[in-house]
Structure formats: C-alpha cells, structure tokens
Amino acid sequence: MRLRQLAVAAGLVGVLCVPAHAEARDIGRDTLPANDGWASEGAGTTGGAAADDAHVFTVTDRAQLVRALDGGSDTPKIIRIAGTIDANTDDDGDRLDCSDYATGGYGLKKYLAAYDPRTWGAAKPSGPQEEARQASAARQAERVVLPVGSHTTIVGLGDSAVLKGASLQVRNADNVIIRNLDIRDAYDCFPVWQPNTGGLGDWKTAYDGIWLAGATHVWVDHVTLSDKGHPDAKEPVYFARNYLRHDGLLDITNGSDLVTVSWSRFADHDKAMLIGNGDTATGDRGKLRVTLHHNAFESVVQRAPRVRFGQVHVYNNRYEITDDDYRYSLGVSTESRIYAENNAFHAPGHVEVADLVKSWNGSALHQSGTLFNGFPVDLLTIYNAYNSGSERDLTGDVGWTPALHGPIDSAAEADRAVARGAGAGRIP
C-alpha cells in the first residue's frame, strides 16, 4: 500500500506498482511477420487479431473452449487456453474413458474375434461389430473433434497450457493462428482393422493433433505435439500389427495451402506430418505450399514430413532420431518439390545418411547445408548412391527457389537455437 501511495504522488502508477515481469506480453494479437514462410503470401496471416473485446476468451475447460470456438464460425476471435483442458470430458467436466463411449454391444475382444483374418479373410469388416465400432467412434468424435473457423487465433497462456485428447480441425477455413500450446494424446478408442492395407493389413486411427483440410493461411508456432500419456509403443499387437491409437501429429491435406510451421516440437510419435494425402489427388497441384522452419523432430519414426505435390521449404530444423523402428525423415512422393536446406540430424549408429530419405514415385529433392551427427553431408548424392538399385535417382532440381523466408542460419546455429527454443512455453 505504501508503494502505491508513493507512486500516486509521483504520477507513476503502473510503473512502480507493477514490475515489468508481472505483465506477460499479449501474444493473442500477434500476426505472422512479413516474409515468414508461405503463410505470409498475399495478405498474410493475422488470425483473430481484429477480434473485438466480446470475442476474446480465456477458457479453462472443454465446455468453455467449445463455446468460444462457436462451431467453427468465421467471426474473428482470440481464444486463450489456461491450464490443462481435457477433451475427453462430459458437459460437467467429468472424465470420460473409452468404455463411456462404447455402444451397440461393441467390445474389443468381440471385434477381434469377428474379424480375425484367419477366419474372416481379407474382406473389409462389416456386420454388427463394425457397426457398433462406428457408432462408438462417432460418440467419441462428438467430444474430441474441435472445429476451428476462419480468422481465429488459439494461444496458450503462460508456459504450461495443455490441450489433451483433442483433434483441432481447420477445415475449409482461412487465416488461422495456433501458438504456444502443448497438444497431446489425440487418442482413438476405436481403431478400424483394414485387411488390405500394406499387404498385411493394418489398424487405422481417426485423429490428428491438428488437421488442416482445405485450409489456407495458417501459422502454427511454438506448439508441442506428442502422444504423451499413451505412447503407441506400449500398445498391444493384434493380427500381427501394432494396435495404433494415434494418426498424425499435424497433417496438411485436401488442398490446404499457404502454411507456415515454425519453432514447434514434434515428439515420441510414429507418423508426424503428412502433406498431401493421395497420389491421385491431382487437385492438389499448385497448392500444399508449406514452410517448415526451426522445428524439432524428436523420436519420430517417419513423415517429417512426407510430401505429395506440394512446394515445401524445410530449413533450419533439428532431427533427433532415437527409435529402433526409425524409417525415414523426408518422404519424397508423387510430384513433391521439397527444398531442404541447413537442417541438422542426430542419429544412433544403426541409422545411415541414406536412411533419412524415402521415395515413393518421387523425382526430385533439393538439399544443401545438411549436418549428420555434426558433419556436413551431401544427402542427395549419398541417397542416390545407396538406393540406385531399388529406387530411381532423385534430381536436385525441384523447379522453384523459396523467396518467402527470414534469415537462414547455418545448420549448426539452427541446431542449437531449436534445442533451446522450440516448443510450447518458449516464445521469447
């Protein structure tokens, strides 16, 4: 009180009374800087920066978050997430688990018995248990799928904002910002068995942590995405395939365009990022323009990213490979044009330089400035030399040169900076 009286007398209220560190900067009205990747093209990406005061929300539970999202409306809005929000909760905030969603007589043991390949064969599952699975999955989707509309900014408050169990879906929306948020464990209670996938069959799950479908002008920044809570590696094996519960961490599909993903952390997951969802999706030509810079990919098995059709600038990222089941990082698929520069890879002894790239019908990959365990390598030359017998050589000419980007650091400088600064809770 004495301090306030002195401040009033001196005309310094708000200067002496409130220490500088006590007022956090409002990042809710931040907009994407000029030239910061593809999302800065044209009018740029401003999210909900134009929202009036009536559409600025601080939310602490699922019900409040759903109301603020307003069904994915296009009204400019800023949504600040405080603390931990669990999407698997009812309207009273009570926790829901998989048994609460199950309906129609669904049971995993009954499902496995019904569609065992030894007795069911290779036909697509149908009948009572598959119908019950679909009905149960629909009940979970009602809780965990959260639509994000145009002109929306979603930010985490402080350094510990968590969105758990949810799938943020930006579908056919424009001008969206998602920042400073730990998004974890988009857990599917009801995976479907697909007998003809990959030759041996596989389990397919429903939810990405963030899914951009037909979305344009999107900036994802200082976000952490992971399976934290339910790692797939600890799930059982059914029909000789791992019973996966998670899909992608961040997938960019269905003609999405003009996206920047920066200073984010992708961790402890199988399929991290898919850009372009089908070899026959020729409508994606000229779209799927994405910039990935200063991101950390840690203990990711594959798709970091896998690209079809898109012009994707991948620069100044850090890859830390630890999984024994590691497959690849850069996936070069149909008509993809990846321009990769100054990225740093850390890998154990069983992973070789050539393992960093995988091609399916791909033809080109630009790479320069790559570091592998601290040493400069010519990734393209090594890949072509090692895989010439099984995959066609990739050319280094991808037909374009990125123009929308900030300063590009050396791989060594970026490696250190990303280790310190990527992920939620680390906005300077």
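Residues numbered from 1 in each chain as written. Predicted model: local features only at pLDDT ≥ 70, side-chain atom pairs only at ≥ 80, totals over all residues. Heavy atoms only, no water.

- Looking up the chain in an unreviewed UniProt entry gives the name Pectate lyase, with the organism given as Streptomyces africanus.
- In its Subcellular location (unreviewed entry) section, UniProt records this for the chain: "Secreted".
- According to UniProt, the comment filed for the chain under the heading Sequence similarities (unreviewed entry) is "Belongs to the polysaccharide lyase 1 family." (UniProt positions renumbered as here; feature names shortened; annotations may be inferred.)

**Describing the UniProt feature "domain: Pectate lyase" (unreviewed entry) in the chain**
Thinking step 1. Within the UniProt annotation, "domain: Pectate lyase" (unreviewed entry) is assigned to residues 103-351.
Thinking step 2. The distance separating the terminal C-alpha atoms of residues 103-351 is 45 Å; by composition the span is 11% helix and 40% strand. (Helix = DSSP H or I, 4+ residues; strand = E, 2+ residues; numbered from the N terminus.)

**Some thoughts on the pairing of strand E27 (residues 337-341)**
Thinking step 1. Among the 5 residues in E27, 4 count as buried, and that is most of the element.
Thinking step 2. Note that strand E24 (residues 311-315) and E27 share 5 bridges and pair parallel. Note on E27: the bridge partner recorded for His313 is Tyr339.
Thinking step 3. Relative to strand E30 (residues 365-368), E27 runs parallel, the two sharing 4 bridges. Bridging across to E30, Tyr339 finds its partner in His366. (Buried < 20%, exposed > 50% of the residue type's maximum accessible area, 1.4 Å probe, protein only. Pairing = 2+ DSSP bridges.)

**Structural notes on the pattern of salt bridges**
Thinking step 1. In total, this model carries 17 salt bridges according to the counting rule given.
Thinking step 2. Here Arg285 and Glu335 are joined by a salt bridge, their closest N and O atoms 2.8 Å apart. Here Glu335 lies in the loop between strand E26 (330-332) and E27 and Arg285 lies in the loop between strand E20 (274-275) and strand E21 (290-293), a separation of 50 residues in the sequence.
Thinking step 3. Take Glu335: its relative accessible area is 36%, and that puts it in the partly exposed class.
Thinking step 4. Between Arg318 and Asp415 there is a salt bridge, with the nearest N and O atoms lying 2.6 Å from each other. (Salt bridge = Lys/Arg side-chain N within 4 Å of Asp/Glu carboxyl O.)

**What about the environment of Ala114?**
Thinking step 1. Along the chain, Ala114 turns up in helix H4 (residues 108-114).
Thinking step 2. Once the C-alpha coordinates of Ala114 and Glu130 are considered, the two residues, 16 residues apart in sequence, prove to be 8.9 Å apart.
Thinking step 3. Not counting chain neighbours up to four residues away, the residues in contact with Ala114 comprise Trp120 and Gln129. (Contact = heavy atoms within 4.5 Å.)

**Observations regarding the sheet that holds E24**
Thinking step 1. With respect to topology, 10 strands assemble into an open sheet ordered E1-E2-E5-E8-E13-E18-E21-E24-E27-E30, the strand pairing being parallel. Two strands bound the open sheet, and with one partner strand each, they are strand E1 (56-59) and E30. Neighbour-to-neighbour, the strand axes of this sheet turn through a mean angle of 10 degrees, independent of strand direction.
Thinking step 2. Contacting E1, strand E2 (77-81) and strand E5 (152-156), helix H2 (residues 62-69) crosses the sheet at an angle of about 165 degrees to E2. (Axes fitted to C-alpha atoms, helices over the stretch in contact; angles between N-to-C directions.)

**Re the side chain of Glu130**
Thinking step 1. Examined against the element boundaries, Glu130 turns out to sit in helix H6 (residues 128-144).
Thinking step 2. Within the local environment of Glu130, its side chain forms a polar contact with the side chain of Tyr111, the two groups lying 3.0 Å apart.
Thinking step 3. Not counting residues within four places of it along the chain, the set of residues in contact with Glu130 comprises Tyr111, Tyr115, Pro125 and Val192. (Polar contact = N/O pair within 3.5 Å; in protein donor to acceptor, adjacent residues only side chain to side chain.)

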